[in-house]
Amino acid sequence: MSTITTERLYLSNFKESDAADFYEYAKNPNVGPIAGWAPHKSVEDTQEIMKAWFMHENAWTIRLQGEEKMIGVIALEHDKYRPDAKSKEIGYSLSEDYWGRGIMTEACKAVMKYGFEELDLEIIGICTGEVNKRSQRVIEKCGFQFEGKIRKTYEVYDGTLRDSLVFSILREEYDALEK
Ligand SMILES: CC(C)(COP(=O)(O)OP(=O)(O)OC[C@H]1O[C@@H](n2cnc3c(N)ncnc32)[C@H](O)[C@@H]1OP(=O)(O)O)[C@@H](O)C(=O)NCCC(=O)NCCS
């Protein structure tokens, strides 16, 4: 079990009981589709998604410190673009009620620190879509470097192919960031 504490946040691995809060924000059509996934259809749907993607050591629920409610998700996932490197790709989502307060930037910086310092990664990747300006800003604030755009690289929830803006940060670039 790994937990991460930041100034305002508490990150902890998933428990089955997190499904209700996760469903509550993931059913919102403003959250999933911009990231490429369909709004969750039911708590059962959320439970299946949790089992398939998030019940592991390197996926965390996000809570404001001292509060029960789970408000977001962040994970270090398989890096599909760098299979031979000691690398992970960050993925995240946050309840719309909490957007614009710097929460994901704070969570992402903490997970980058965990990835480099605890998992000894040499590089961390992150990708987003062209339309996702909020995520691009989080990525920029966290110090990632833009690598390029891969056209029509992934199929999203509605069956269309989307371009991906690909970013990464090397361990030495991370070490050189002002923290
Ligand atoms: C992307 C997401 C995680 C951002 O979380 P957040 O906690 O709101 O992010 P932060 O508050 O740390 O930063 C958001 C930044 O985007 C900026 N922003 C908001 N709307 C914007 C817009 N339309 N255009 C450009 N920037 C915008 C904010 O001003 C802020 O930057 P600032 O600190 O310089 O003011 C959240 O919006 C989300 O969950 N979106 C849906 C799921 C998703 O897109 N996941 C990522 C897939 S790659």
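Description of the structure in this document. (Residues numbered from 1 in each chain as written. Predicted model: local features only at pLDDT ≥ 70, side-chain atom pairs only at ≥ 80, totals over all residues. Heavy atoms only, no water.)

## Focus on the overall build of the protein
Our working definition: Secondary structure follows DSSP: runs of H or I at least 4 residues long count as helices, runs of E at least 2 residues long count as strands, and numbering of each begins at the N terminus. Only C-alpha atoms enter the radius of gyration, while the globule expectation follows 2.2 Å times N to the 0.38, with N the number of residues.
Looking only at helices and strands, the protein features six helices and eight strands. Reading the secondary structure of the protein in the N-to-C direction produces β-β-α-α-α-β-β-β-α-β-α-β-β-α. Its C-alpha atoms give the protein a radius of gyration of 15 Å, within 12% of the compact-globule value 16 Å for 179 residues. The principal-axis extents of the C-alpha atoms in the protein amount to approximately 40 × 40 × 30 Å.

## Focus on the environment of tyrosine 25
Defined as follows: Relative accessibility under 20% of the residue-type maximum defines a buried residue, over 50% an exposed one, and the middle range a partly exposed one, all with a 1.4 Å probe and only protein chains included. What makes two residues a contact is simply this: any of their non-hydrogen atoms within 4.5 Å. Two N or O atoms form a polar contact when they lie within 3.5 Å of each other; inside protein one atom must be a possible hydrogen donor and the other a possible acceptor, and for residues adjacent in sequence the pair counts only when both atoms belong to side chains.
Along the chain, tyrosine 25 falls in helix H1 (residues 19-26). For tyrosine 25, a relative accessible area of 5% corresponds to the buried category. Each C-alpha atom of the pair tyrosine 25 and serine 95 lies 5.0 Å from the other, and the pair is 70 residues apart in sequence. Apart from residues lying up to four places away in sequence, tyrosine 25 is in contact with Val31, Met70, Ile71, Gly72, Val73, Ser93, Leu94 and Ser95. Among the polar contacts listed, one links the side chain of tyrosine 25 to the backbone nitrogen of valine 73, at a separation of 3.4 Å.

## A few points about the pairing of strand S5 (residues 87-94)
Consecutive side chains of a regular strand alternate in pointing toward one face of the sheet and then the other. This is how it is decided: Two strands are said to pair when DSSP picks up at least two bridges between them.
Counting buried positions along S5 yields seven of eight residues, so the element is predominantly enclosed. For strand S4 (residues 72-78) and S5, the ladder comprises seven bridges, and the chain directions are antiparallel. For histidine 78, the partnering residue across the bridge sits in S5 and is lysine 88. Bridge analysis of S5 against strand S6 (residues 123-128) gives four bridges, and the strand direction is parallel. Following the sheet pairing, isoleucine 90 is matched in S6 by isoleucine 126.

## As for the nonpolar core
As a reminder, the rule being used: Residue types Ala, Val, Leu, Ile, Met, Phe, Trp, Tyr and Cys, when buried and joined through side-chain atoms within 4.5 Å, form a set referred to as a nonpolar core.
The biggest cluster of nonpolar side chains holds 33 residues, and the ones touching the most others in it are Ile62, Ile74, Ile90, Tyr92, Cys108, Met112 and Phe144. Contributing elements (two or more residues each) for this core: strand S2 (9-13), strand S3 (59-64), S4, S5, helix H4 (103-117), S6, helix H5 (133-141) and strand S8 (161-170). Broken down by element, the residue count for this core peaks at nine residues, all from H4. Beyond its immediate chain neighbours, meaning those up to four positions away, tyrosine 92 contacts Val73, Ile74, Met104, Cys108, Ile126, Ser135, Val138 and Ile139. Residues Phe14, Ala19, Tyr25 and Ala59 belong to the second largest nonpolar core, which totals 12 residues.

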